[in-house]
Number of protein chains: 2
Amino acid sequence: MAAYQAPALARLIDQFNRLPGIGAKSAQRLAYYVLSMSKEDAEALSKAITDAHSSIHKCAKCCNLTDDVLCPVCKSPTRDKTTVCVVEEPKDVAAFEKTQEYSATYHVLHGVISPLNGIGPDQLCIKELIKRVQEDNVQEVIMATNATAEGETTAVYISRLLKPLGVKVTRLAY
Amino acid sequence: MAAYQAPALARLIDQFNRLPGIGAKSAQRLAYYVLSMSKEDAEALSKAITDAHSSIHKCAKCCNLTDDVLCPVCKSPTRDKTTVCVVEEPKDVAAFEKTQEYSATYHVLHGVISPLNGIGPDQLCIKELIKRVQEDNVQEVIMATNATAEGETTAVYISRLLKPLGVKVTRLAY
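No experiment lies behind these values; they were computed from the predicted model shown.

**What to know about the layout of surface pockets**
Consideration 1: What the second largest pocket holds in volume is close to 310 Å³.
Consideration 2: Lining the second largest pocket are 13 residues, with Glu89, Pro90 and His110 of chain A together with Tyr32 and Ser36 of chain B sitting closest to its centre.
Consideration 3: When residues of the lining of the second largest pocket are traced back to their parent elements, those giving at least two are strand E1 (57-58) and helix H5 (90-99) of chain A together with helix H2 (24-36) of chain B.
Consideration 4: Of the residues forming the lining of the second largest pocket, the biggest block, five residues, is contributed by H2 of chain B.
Consideration 5: For the lining of the second largest pocket, a count of residues per class yields six nonpolar, three polar and four charged.

**Let's talk about the relation of the copies chain A and chain B**
Consideration 1: For the match of chain A to chain B, the screw axis carries a shift of 0.0 Å, the RMSD comes to 0.1 Å, and the turn is 179°. Here the transformation between the copies is reduced to the relation of a two-fold axis. Relative to the rotation axis, the closest C-alpha in chain A is found at Ser46 of chain A, a distance of 2.3 Å.
Consideration 2: A share of 100% of interface residues in chain A that are also interface residues in chain B marks the association as one of identical surfaces.

**Some details on the domain arrangement of chain A**
Consideration 1: Parsing chain A into structural domains produces domain 1 (7-55) and domain 2 (58-171).
Consideration 2: Using only C-alpha atoms to locate each centre, domain 1 of chain A and domain 2 of chain A end up separated by 33 Å.

**Things to note about helix H5 (residues 90-99) of chain B**
Working note: α-helix, 3.6 residues per turn, so residues spaced by three or four point in the same direction.
Consideration 1: Here H5 of chain B has its buried residues at Pro90, Asp92, Val93, Ala94 and Glu97 of chain B.
Consideration 2: In this fold, the buried residues of H5 of chain B make contact with helix H2 (24-36) of chain A together with strand E2 (65-66), helix H4 (72-75), strand E3 (80-87) and strand E4 (104-108) of chain B.
Consideration 3: Count one or two residues on from H5 of chain B and you reach Gln100 of chain B, which has phi positive near 55°.

**What about the interface of chain A and chain B?**
Think of interface size as the accessible area that goes away when the parts come together; that is how it is often given.
Consideration 1: Every contact between the two is made by 49 residues of chain A and, on the other side, 49 residues of chain B.
Consideration 2: In this assembly, chain A packs against chain B so that about 4400 Å² is buried in total across both faces, 73% of it on carbon and sulfur atoms.
Consideration 3: The interface formed by chain A and chain B contains zero salt bridges.
Consideration 4: Taken together, the links from chain A to chain B amount to five residue pairs in polar contact (both at pLDDT 80 or more).
Consideration 5: Counting only elements with at least two residues in the side of chain A that touches chain B, the list comes to helix H1 (7-17), H2, helix H3 (39-55), strand E2 (65-66), helix H4 (72-75) and H5 of chain A.
Consideration 6: Sorting elements by how many residues they give to the side of chain A that touches chain B places H3 of chain A first, with 14 residues.

**Focus on the pairing of strand E6 (residues 168-171) of chain B**
All names here are of chain B.
Consideration 1: In terms of strand pairing, strand E5 (residues 140-143) meets E6 through four bridges, oriented parallel. Considered in E6, the bridge of Glu140 is made with Lys168.
Consideration 2: Read from E5 through helix H7 (residues 149-162) to E6, the crossover connection turns out right-handed.

**Overview of the sheet that holds E3 of chain B**
Strand pairing in a sheet takes place through backbone hydrogen bonds and is either antiparallel or parallel in direction.
Residue and element names in this part refer to chain B.
Consideration 1: Taken together, the four strands give an open sheet; going across it, the order is E4-E3-E5-E6, and neighbouring strands pair in parallel fashion. Edge strands, defined here as strands with exactly one partner in the open sheet, are E4 and E6. Between one strand axis and the next, the sheet turns by 25° as a mean value, whatever way the strands run.
Consideration 2: With four bridges connecting them, E3 and E5 associate as parallel partners. Across the sheet, residue Thr83 finds its bridge partner in E5, namely Glu140.
Consideration 3: Contacts from helix H6 (residues 126-135) reach E3, E4 and E5, with the element oriented near 145° to E4.
Consideration 4: The strands touched by H7 within the sheet are E3, E5 and E6, with E6 carrying the most contacts at an inclination of about 170°.

Each value, and the rule that gives it
- Residues numbered from 1 in each chain as written.
- Chains lettered and ligands numbered in written order.
- Predicted model: local features only at pLDDT ≥ 70, side-chain atom pairs only at ≥ 80, totals over all residues.
- Heavy atoms only, no water.
- 1 Å grid on protein atoms, 1.4 Å probe; cavity = no way out; pocket = protein on both sides within 12 Å on 5 of 7 lines; lining within 4 Å.
- Points joined across faces, edges and corners; volume = space filled by probe spheres on them.
- Helix = DSSP H or I, 4+ residues; strand = E, 2+ residues; numbered from the N terminus.
- Nonpolar A, V, L, I, M, F, W, Y, C, P; charged D, E, K, R; others polar.
- Least-squares fit on C-alpha atoms with pLDDT ≥ 70 in both.
- Contact = heavy atoms within 4.5 Å.
- Domains from an automatic or database assignment.
- Buried < 20%, exposed > 50% of the residue type's maximum accessible area, 1.4 Å probe, protein only.
- Buried area = accessible area lost by both parts, 1.4 Å probe.
- Salt bridge = Lys/Arg side-chain N within 4 Å of Asp/Glu carboxyl O.
- Polar contact = N/O pair within 3.5 Å; in protein donor to acceptor, adjacent residues only side chain to side chain.
- Pairing = 2+ DSSP bridges.
- Right-handed = clockwise from strand over helix to strand, strands pointing away.
- Axes fitted to C-alpha atoms, helices over the stretch in contact; angles between N-to-C directions.

So, in structure tokens, the structure goes:
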């Protein structure tokens, strides 16, 4: 913390600097911007962070982020529950939904198998997917993990777990 | 707000999206990152925003941002109070202080004269500078506004106000 900087300002810059993709200069710029905001706007930003953090959790069915027991897609009566599209992250659901072409459901893994980063199958939402296939009337699982080495590995790993359950497993073409 | 997104998450993405330099994709990435933070970290970020916003204001002397009546530079007994370096923004003070070569004081204008953006001399901390030169024993004012058309105009404008007060006015070489 620089001596010429007020501690509260230095703390705010440091907090922004911890966010991904925000370097020292951007953090400073954001902190000064926050100070220039109206009291209401600064409080709205602060409250949005705590509100989202306390109210958002994983959907009991598909593990996408939601503030309810089930996410809007899993709750929807018009969605085809027999088909599940497996994606890596919640942002992938957002990308699919933007196309407005997909009318079935999702399953969010929250990552990919990545031994180099110490992420194994147990840290992902794979057991929730297996349980869904076993208990619900799922007929097709579309593996839509990214076309990276880790995404492919994860798709192959999950496919092998699902095939004995008698469900059709397909891989999304890129 | 997309129907598939929880309202608290959509609000957080929207709040990040309002910050300068944060587009729709970065806002989404930051929001998901906040959700992945520990409760303590999310609260620390939220609190840093409200704390900084409520405790930081302009130094009564130099208009730099501080959480005290006077900023650390103006309070320091070792700083040369007879020389004042006039800068546009608080971040310029941070840049000067990083060089550790400057041992006098600053004056922060909080902008430049910019008729196109509707910013006239009255919206800047110019009257505070004039008051300082009149009342304190200021002997030299160094104009360190940026080498842009607006920065130059502001430097010339302030120089004309200061010269009749018998103070030495110099322009920082770039």
